[in-house]
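Each chain is listed here by its residues.
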Amino acid sequence: MGSVHHTEVVSSMREQGVFNLEDNGHSERSQWVLDSPNPPPLWKKLFSSVKETLFPHGNKFCFSSKKKTCQGYVVSFLQTLFPILNWLRNYKPSKFKDDLLAGLTLASLSIPQSIGYANLAKLDPEYGLYTSVIPPLIYAMMGSSREIAIGPVAVVSLLLSSLVQKVEDPVANPHAYRNFVFTVTFFTGIFQTAFGVFRLGFLVDFLSHAALVGFMAGAAIIIGLQQLKGLLGISHFTTKTDVVSVLTSVYKSLHHQITSSEKWCPLNFVLGCSFLIFLLITRFLGRRNKKLFWLPAISPLLSVVLSTLIVYLSKADKHGVNIIKHVKGGLNPSSAHLLEFHGQHVGQAAKIGLICAIIALTEAIAVGRSFASIKGYHLDGNKEMLSMGFMNIAGSLSSCYVATGSFSRTAVNFSAGCQTAVSNIVMAITVIVSLELFTRLLYYTPVAILASIILSALPGLIDISEACYIWKVDKLDFLACVGAFLGVLFASVEIGLIVAVTISFAKILIQAIRPGIEVLGRVPRTEAFCDVTQYPMAISTPGIIVIRISSGSLCFANANFVRERILKWVSEDDEFKESSKGRVQAVILDMTS
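All values reported here derive from a predicted model rather than from experimental measurement.

About the thresholds
- Residue indices begin from 1 for each chain and proceed along its sequence in written order.
- Side-chain atom pairs in this predicted model are given and counted only at pLDDT of 80 or more, local residue features only at pLDDT of at least 70, and totals for whole chains, interfaces and linings cover all residues.
- Only hydrogens and water are set aside when side-chain values are computed; all heavy atoms of the structure are taken into account.
- Comment: elements are numbered from the N terminus, with helices defined as DSSP H or I runs of at least four residues and strands as E runs of at least two.
- In this scheme, a residue with accessible area under 20% of its type's maximum is buried, one over 50% is exposed, and one in between is partly exposed, where area comes from a 1.4 Å probe on protein chains only.
- The contact rule is simple, with two residues in contact once any of their heavy atoms fall within 4.5 Å.
- The protein chains shown are the only cover counted for residues, whose accessible areas, like all others here, come from Shrake-Rupley with a 1.4 Å probe.
- All tallies of charge rest on Lys and Arg as positive and Asp and Glu as negative; His and the ends of each chain are not included.
- Whenever Lys or Arg places a side-chain nitrogen within 4 Å of a carboxyl oxygen from Asp or Glu, that contact is recorded as a salt bridge.
- Put simply, the grid is 1 Å and covers the protein atoms alone, a cavity is a trapped set of points that fit a 1.4 Å probe, a pocket is an open set with protein on both sides within 12 Å along at least five of seven lines, and lining residues have an atom within 4 Å of a point.
- Grid points are joined across faces, edges and corners, and a volume is the space filled by probe spheres set on the points.
- Three categories are distinguished: nonpolar for Ala, Val, Leu, Ile, Met, Phe, Trp, Tyr, Cys and Pro, charged for Asp, Glu, Lys and Arg, and polar for the others, with Gly belonging to the last.
- A pair of aromatic rings is counted whenever rings of Phe, Tyr or Trp (Trp by its six-membered ring) have centres within 6.5 Å, and the orientation is called stacked for planes under 30 degrees apart, edge-to-face for over 60 and tilted otherwise.
- Angles here are taken between N-to-C directions and fall from 0 to 180 degrees, while the axes themselves are lines fitted to C-alpha atoms, restricted in helices to the stretch in contact.
- Comment on the angle field: the value is read as roughly parallel under 35 degrees, roughly antiparallel over 145, roughly perpendicular from 65 to 115, and oblique elsewhere.
- Here, patches come from residues exposed beyond 30% relative accessible area and free of salt bridges, joined within 9 Å for like charges and within 5 Å for nonpolar side chains (Val, Leu, Ile, Met, Phe, Trp, Tyr).
- Being paired, for any two strands, means DSSP has found at least two bridges between them.
- Take the buried residues of types Ala, Val, Leu, Ile, Met, Phe, Trp, Tyr and Cys, join any two whose side-chain atoms come within 4.5 Å, and each joined set is a nonpolar core.
- What pLDDT conveys is the predictor's confidence in a given residue, as a value from 0 to 100.

Q: Help me out: how do you make sense of the overall build of the chain in this one?
A: Of the regular secondary structure elements, the chain holds 25 helices and six strands. In the chain, which comprises 593 residues, the proportion classed as buried is 47%. For the chain, restricting intrachain contacts to residue pairs at least 6 apart in sequence, the fraction spanning at least 24 positions comes to 77%. As displayed, the chain has an accessible area near 30700 Å², and 64% of this comes from carbon and sulfur atoms.

Q: I would appreciate a short explanation of unusual backbone geometry in the present structure.
A: Keep in mind that most residues, glycine aside, have a negative phi and that most peptide bonds are trans. Even without being a glycine, Lys325 presents a positive backbone phi close to 70°. Here Lys325 lies in the loop between α15 (294-314) and α16 (346-375). The partly exposed category is assigned to Lys325, whose relative accessible area is 46%. Non-glycine residue Arg525 carries a positive phi angle of around 65°.

Q: Can you help me understand the side chain of Glu168 in this one?
A: Structurally, the position occupied by Glu168 is in the loop between α9 (154-164) and α10 (174-197). Despite its burial, Glu168 pairs with no opposite charge, the nearest such side chain being Arg178 at 11 Å.

Q: For this particular structure, what's the right way to read the layout of surface pockets?
A: Any empty space left between atoms is shown by rolling a water-sized probe over those atoms. Here the largest pocket is characterised by a volume of approximately 1200 Å³. Lining the largest pocket are 41 residues; nearest its centre among them are Asn119, Lys122, Leu123, Asp124 and Lys229. Those elements that provide at least two residues to the lining of the largest pocket are α6 (93-120), α7 (125-130), α10, α12 (228-232) and α20 (447-457). Among the elements that make up the lining of the largest pocket, the one with the highest residue count is α10 (five residues). Of the residues that constitute the lining of the largest pocket, the class distribution is 20 nonpolar, 13 polar and eight charged.

Q: Would you explain the packing of aromatic side chains in this entry?
A: Given two aromatic rings, one states the distance between the centres and the angle between the planes to describe the pair. Tallied over the full model, the rule gives 11 aromatic pairs. Aromatic side chains Tyr127 and Tyr130 sit 5.7 Å apart centroid to centroid with 85° between the ring planes, which places their arrangement in the edge-to-face category. Taken together, the residues span about one helical turn, with Tyr127 and Tyr130 both in helix α7 at a distance of three residues. Considering the side-chain rings of Phe186 and Phe341, the 5.1 Å spacing of their centres and the 65° angle between planes classify their relative orientation as edge-to-face. On the criterion of sequence distance, the pair formed by Phe186 in helix α10 and Phe341 in the loop between α15 and α16 is long-range, its members being 155 residues apart. The class of Phe186 is buried, set by a relative accessible area of 18%.

Q: Got a minute to help me understand the packing of α6 against α20 in this structure?
A: Packed helices, taken two at a time, are described by the angle their axes make and the gap between the axes. Two numbers describe how α6 lies on α20: the axes approach to 9 Å, and their chain directions differ by 100°. Relative to α20, α6 is oriented roughly perpendicular. Mapping the contact onto sequence places Pro112, Gln113, Ile115, Gly116, Tyr117, Asn119 and Leu120 in α6 and Val447, Leu450, Ile453, Ile454 and Ala457 in α20. In terms of residue class, the contact of α6 with α20 is built from nine nonpolar, three polar and no charged.

Q: Where do I start with a nonpolar patch on the surface in this structure?
A: Taken together, Leu301, Val305, Leu309, Tyr312 and Leu313 make up a surface patch of nonpolar side chains, about 470 Å² in accessible area. You can see Tyr312 is positioned in helix α15. With a relative accessible area of 43%, Tyr312 lands in the partly exposed category.

Q: Teacher, can you tell me more about the side chain of Gln227 here?
A: Relative to the assigned elements, Gln227 resides in the loop between α11 (209-226) and α12. Apart from the residues lying within four places of it in its own chain, the contact partners of Gln227 are Leu120, Ala451, Ile454 and Leu455.

Q: Looking at this model, I keep getting lost on the environment of Tyr401. Mind explaining?
A: Checked against the element boundaries, Tyr401 lands in the loop between α17 (381-396) and β2 (404-406). Taking C-alpha positions, Tyr401 is 9.1 Å from Ala121, a pair spaced 280 residues apart along the chain.

Q: Where do I start with the pairing of strand β3 (residues 517-522) in this structure?
A: Counting buried positions over the six residues of β3 gives five, a clear majority of the element. The pairing of β3 with strand β5 (residues 544-549) spans four bridges and is classified as antiparallel. Each bridged residue has a counterpart across the sheet, and for Val519 the counterpart in β5 is Ile547. Pairing of β3 with strand β4 (residues 529-531), which is carried by three bridges, proceeds in the antiparallel orientation. Within β4, the position partnered with Arg522 by the bridge is Phe529.

Q: How should I be thinking about the sheet that holds β4 in this particular structure?
A: Across a sheet, strands are paired by hydrogen bonds formed along the backbone, either parallel or antiparallel in direction. In spatial order, the strands read β4-β3-β5-β6; together these four strands make up an open sheet with mixed pairing. Each end of this open sheet is capped by a strand with a single partner; those strands are β4 and β6 (586-590). The sheet shows a mean angle of 40° between the axes of neighbouring strands, taken without regard to direction. Helix α24 (residues 559-571) contacts β3, β5 and β6 of the sheet and is inclined by roughly 45° relative to β3.

Q: I tried to follow the nonpolar core on my own but got confused; where do I start?
A: In a soluble, globular protein the nonpolar side chains are often hidden away together inside. Counting residues in each nonpolar core, the largest one holds 88 residues, and the members touching the most others are Leu160, Val164, Val184, Phe215 and Val250. Of all the elements, α11 adds the most residues to this core, at nine residues. Formed by 19 residues, the second largest nonpolar core is a distinct cluster that contains Ile150, Phe371, Met385 and Met391.

Q: Explanation requested: the pattern of salt bridges in the structure shown.
A: Should their charged atoms come close, side chains of opposite charge can pair. Counting across every chain of the model gives five salt bridges. Here Lys507 makes a salt bridge to Asp474, at a shortest N to O gap of 2.9 Å. Of this pair, Lys507 sits in helix α23 (residues 493-513) while Asp474 sits in the loop between α21 (464-473) and α22 (475-490), and the two are 33 residues apart along the sequence. As far as burial versus exposure is concerned, Lys507 and Asp474 are alike and both buried. A salt bridge links Lys507 to Asp477; its shortest N-O distance comes to 2.9 Å. Pair noted here: Lys507 is in helix α23 and Asp477 is in helix α22, with a separation of 30 residues, a long-range link. Since its relative accessible area comes to 22%, Asp477 is described here as partly exposed.

Q: Help me understand the confidence of the model for the chain in this model?
A: Here the chain averages 85 in pLDDT, while 87% of its residues score no lower than 70. Scored below 50 in pLDDT, residues 59-65 shows 10 contacts in the model against residues more than four places distant or in partner chains.

Structural data, given as structure tokens:
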């Protein structure tokens, strides 16, 4: 019965085409090999990427009826797009107490910094305050970081002013310059949203950590040199950003004012340096004693109040001290009608927007992830890109320029004990109140104070210890760091970025074309085989060379190099002939990687 049943099964399988025996008894290979499926079309890949971003829970919400399924997908979509819907249900009054304190402390630092950064971006002071209202509110609803503080930052402000002024002159045509900045901000938001929706976060990673360290350090020095205009009270200043042009402009301006009938007023320098020393002392005390975290946070606002009172009471503005003068109050006006999508400069706006999108995302994600790791939770990079994109699109429609996460303000927010993104909401509301009630009080605020506030925040951008660590770990990474630093310092911001990215790409290509190839030996009293250059005590087997290819991708670009290197060791290299104790009889390739 068993043999009869077996025969029936075999004949049945023949009829169904599962396998077919030829006359010689061998099965056809085509019957046993599965046909590879056709690759999915591009639109299907993009659709699945978007679906994974907006509906990360997949088919979790599959209910019995179509109506419930639709509701489930809507709920999933809203919870993914607005993470505030997830954690707001468990929000407690005790957390609000901490967030309220952190938000107020954050606002005391954000208000003077925002005015200073607007000045750095060559915009009117109110636009810096506008940028601290709408973007933080949107990020609080859509962002996944609990600690990150949103607003204008020094590096992006410098980037905008250095790139946009090549297209529109901020002095000759300030309205066209402002409108172009809003258009660049819109494109920045569009690119950031696209990065998040299509999961293109790997593009940000092309600006390596080492390149970013050098870029930030170079930008910090350039930003500091730019503040010499306000600190020294110079009226004529260069539009270039490189260190040679800036120092030459400072020398010529001071020499002209000293030798000509136009008198140079040293009060700007005295006032700015006095409060700069005060800000640096409070920063030092705050770092020495963690309980005094509030001191460096409120010292910028305190400096603005005290310096404004000094100028108002002493009438110093009539003796040569430069003041801000009029600051427009009120809520953010709409700027949707000011965006320029027609004309010859649209392509340049998109290009500058792409650069700003990458720099802003790199800084924000680096800041957010560093503090998230301290608190022990994961930060979703694609959600961060999505929230940053939406907030900059909304910002461009409400008189804001590019906003991102600030390291100095995030550190203050973290030290103040923030629990959730509600601290950003408290900060934004405080800035709204200031716009409505206190902008008139800023009329007599000296420009030198804004320069000193920006200068006091720059040391945090220069990380010498990290540069030394990069030198110890990888010399090519250090070369990218130095290239970005020197490019920003002596050429321009975009040249520094190009140099950094080029060196990083060159490192990737070199590692792909010339992969690591190591000769292995057995470590005594173990079964482990290690690189003989790192472990001199490793023992080689007579007549055998064990070679490990450390590259994970052996391809047409590096296969010939690997082959030539192995043949050279086997046939020509006397050192390895001696280590193998005679003629090489066998080569073992360890290609586990």
